[in-house]
Amino acid sequence: MWKKYIRYLKQILPLMKNSLLPALLLGAALAAYFTLAPFDEKGQQFLHFGFFIITLVSAGILIYFNRNRPLFFVITILIGYCLINYLKFRHGIIYNLTPDYYNLCFFTAVCLMFFYFLPNRPLISSDTVNFIIIIFAALALGEQLSRWHTGIDFSRFFCNGCGLQTFGLALFLSVLIIMLVHASIRDEILTTSLFFATVSVMLGFYLSDRPSPLALFFFTAALTILCGIIHSISYAARKDVVTGLDNGNSFIKASSSLPVKYGLGIICIDDYKHLAQIFKKSGIDEIVILIAKKICELEPDAQIYRCGADEFIVIFPAAEKGVSFARVDNIRRTVAASEFMLSGRKKALKLTVSCSVADKKRSDADVFEVFMRARKILQKTYKFTQNITSQA
């Protein structure tokens, strides 16, 4: 009986690997709230200062690696936490009945959803200026509405004495549903982390009338994002984020452990630039994924790497001379004979790949010499024709 349950767990755990750590952090926060809250003064100070430290560390990592996507999400959470504490200091126990707080709830939820869907682009770009303007515009608009004593809250019902009005709670729940659907489709550690961080932020707003849960859940949100950032960066260092295959860094690391005899194949997607212009980023990513799945399906025992936008490297360990060529050419012929269906298209797409193969020789000092021989013959052949396999 236990073997049956273990088998089920082995099937389920890979499906929830990206949500496991964020869910555990949220679960630990909820357990701490129900069993330990209210915290003493030292505990609250730890959570309060820990939130700011983690936020600064996250921002520093993102700036160092020149990434923009989670940075503005982190900034939104930081501003929201600071403003909640400011409003509690300024208005006292009626802070959550003021137009300032209504507007804060509205703009925080809207900005979190907007920055959640940002593509992962370099931080140093013109888009960064636009995003900063959006944050300042939201702050300015919220402040102006508060001066007019106007709060963005379409309900007049106080929600069970909590820190979120009915409209604010409904807005956060709507944002979470949209994020959950997107996270289930993308299945990325950072996307999932941002979803769980938003859940923690909502709980922080909901229980903001008490200092302990406010600090606890905002601390959990910051920690969840930091873990997601670290995991995504470490993953991108060894894996291709589009296909999930090992990338060039993994190929370099694995080069020292290759056997004495092996074959190396290079598979290049034909007309990649032209396809990228037609189908844009999402479409070309889907094409790359379909090609990668086809290669993995045909060669489950080979070592497959994506080392360029349009290029895959396939290693055939202990392959005899001539065998590698036949296996790579089989991939080329299968791809050419297949029909690929892209999302949103009714008509199937025909694709081709050009390949080259080089077998390890005694004179080759390392795998890079084998790779260069295969690359040179591919470049030479590619000038004249496509959808062909060349032997170096």
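My aim in this report is to walk through the structure given alongside it, one point at a time. (Residues numbered from 1 in each chain as written. Predicted model: local features only at pLDDT ≥ 70, side-chain atom pairs only at ≥ 80, totals over all residues. Heavy atoms only, no water.)

Structural notes on the nonpolar core
When a protein is soluble and globular, its nonpolar side chains tend to lie buried together.
Turning to step 1, where the next piece is worked out: Residues Phe73, Phe205 and Phe218 are the most contacted members of the largest nonpolar core, which totals 65 residues.
Turning to step 2, where the next piece is worked out: Elements with a minimum of two residues in this core: α2 (17–35), α3 (41–64), α4 (69–91), α5 (99–116), α6 (126–147), α7 (166–186), α8 (189–206) and α9 (211–238).
Turning to step 3, where the next piece is worked out: If one sorts the elements of this core by residue count, α9 sits on top with 12 residues.
Turning to step 4, where the next piece is worked out: With sequence-adjacent residues up to four places away left out, phenylalanine 73 is seen in contact with Leu112, Phe115, Tyr116, Met179, Leu194, Ala197, Thr198 and Ile225.
Turning to step 5, where the next piece is worked out: Core analysis: the next-biggest nonpolar cluster, separate from the first, contains 28 residues, Ile267, Phe316, Val335 and Val353 among them. (Core = buried A, V, L, I, M, F, W, Y, C linked by side-chain atoms within 4.5 Å. Buried < 20%, exposed > 50% of the residue type's maximum accessible area, 1.4 Å probe, protein only. Helix = DSSP H or I, 4+ residues; strand = E, 2+ residues; numbered from the N terminus. Contact = heavy atoms within 4.5 Å.)

Quick notes on the state of the cysteines
Turning to step 1, where the next piece is worked out: A complete count under the given rule lists zero disulfides for this structure.
Turning to step 2, where the next piece is worked out: The cysteine cysteine 307 is free of any disulfide, with cysteine 268 supplying the nearest cysteine sulfur at 12 Å.
Turning to step 3, where the next piece is worked out: Here cysteine 307 falls in the partly exposed class, since its relative accessible area comes to 30%. (Disulfide = S-S within 2.5 Å.)

Examining the packing of aromatic side chains
Turning to step 1, where the next piece is worked out: Applying the stated criterion across every chain yields a total of 20 aromatic pairs.
Turning to step 2, where the next piece is worked out: Measuring from ring centre to ring centre gives 5.6 Å for phenylalanine 72 and phenylalanine 115, while their planes differ by 25°; the resulting arrangement is stacked. Here the residue phenylalanine 72 occupies a position in helix α4, and phenylalanine 115 occupies one in helix α5, the gap between them amounting to 43 residues. When sorted by exposure, phenylalanine 72 lands in the same class as phenylalanine 115, which is buried.
Turning to step 3, where the next piece is worked out: Each ring, one from phenylalanine 251 and one from tyrosine 305, has its centre 5.3 Å from the other, and the planes form 65°; the classification is edge-to-face. Of the two residues, phenylalanine 251 is situated in helix α10 (residues 248–254) and tyrosine 305 in strand β2 (residues 303–308); the sequence distance between them amounts to 54 residues.
Turning to step 4, where the next piece is worked out: Taken together, the aromatic side chains of Phe51, Phe52, Tyr81, Tyr101, Phe172, Phe205 and Phe218 make up a single cluster linked through ring pairs. (Phe/Tyr/Trp six-rings, centres within 6.5 Å; stacked < 30°, edge-to-face > 60°.)

Describing the side chain of serine 200
Turning to step 1, where the next piece is worked out: You can see serine 200 is positioned in helix α8.
Turning to step 2, where the next piece is worked out: What serine 200 contacts, discounting residues up to four positions off in sequence, is Leu26, Phe217, Thr220 and Ala221.

Some details on the layout of surface pockets
Turning to step 1, where the next piece is worked out: If you add up the space inside the largest pocket, you get close to 1,400 Å³.
Turning to step 2, where the next piece is worked out: If you go around the largest pocket, you meet 32 residues; those closest to its centre are Arg186, Glu188, Val241, Val242 and Lys281.
Turning to step 3, where the next piece is worked out: Within the residue set of the lining of the largest pocket, elements represented by two or more residues are α2, α7, α8, α9 and α11 (272–298).
Turning to step 4, where the next piece is worked out: In terms of residue count, α11 provides more of the lining of the largest pocket than any other element does, five residues in total.
Turning to step 5, where the next piece is worked out: Here the residues of the lining of the largest pocket sort into 11 nonpolar, nine polar and 12 charged.
Turning to step 6, where the next piece is worked out: Quantified by volume, the second largest pocket comes out at close to 530 Å³.
Turning to step 7, where the next piece is worked out: Along its surface, the second largest pocket is lined by 23 residues, and Leu83, Asp100, Leu139, Gly142 and Glu143 are the ones closest to its centre.
Turning to step 8, where the next piece is worked out: Those elements giving two or more residues to the lining of the second largest pocket turn out to be α4, α5 and α6.
Turning to step 9, where the next piece is worked out: Broken down by element, the residue count for the lining of the second largest pocket peaks at eight residues, all from α4.
Turning to step 10, where the next piece is worked out: A class-by-class count of the residues in the lining of the second largest pocket yields 11 nonpolar, eight polar and four charged. (1 Å grid on protein atoms, 1.4 Å probe; cavity = no way out; pocket = protein on both sides within 12 Å on 5 of 7 lines; lining within 4 Å. Points joined across faces, edges and corners; volume = space filled by probe spheres on them. Nonpolar A, V, L, I, M, F, W, Y, C, P; charged D, E, K, R; others polar.)

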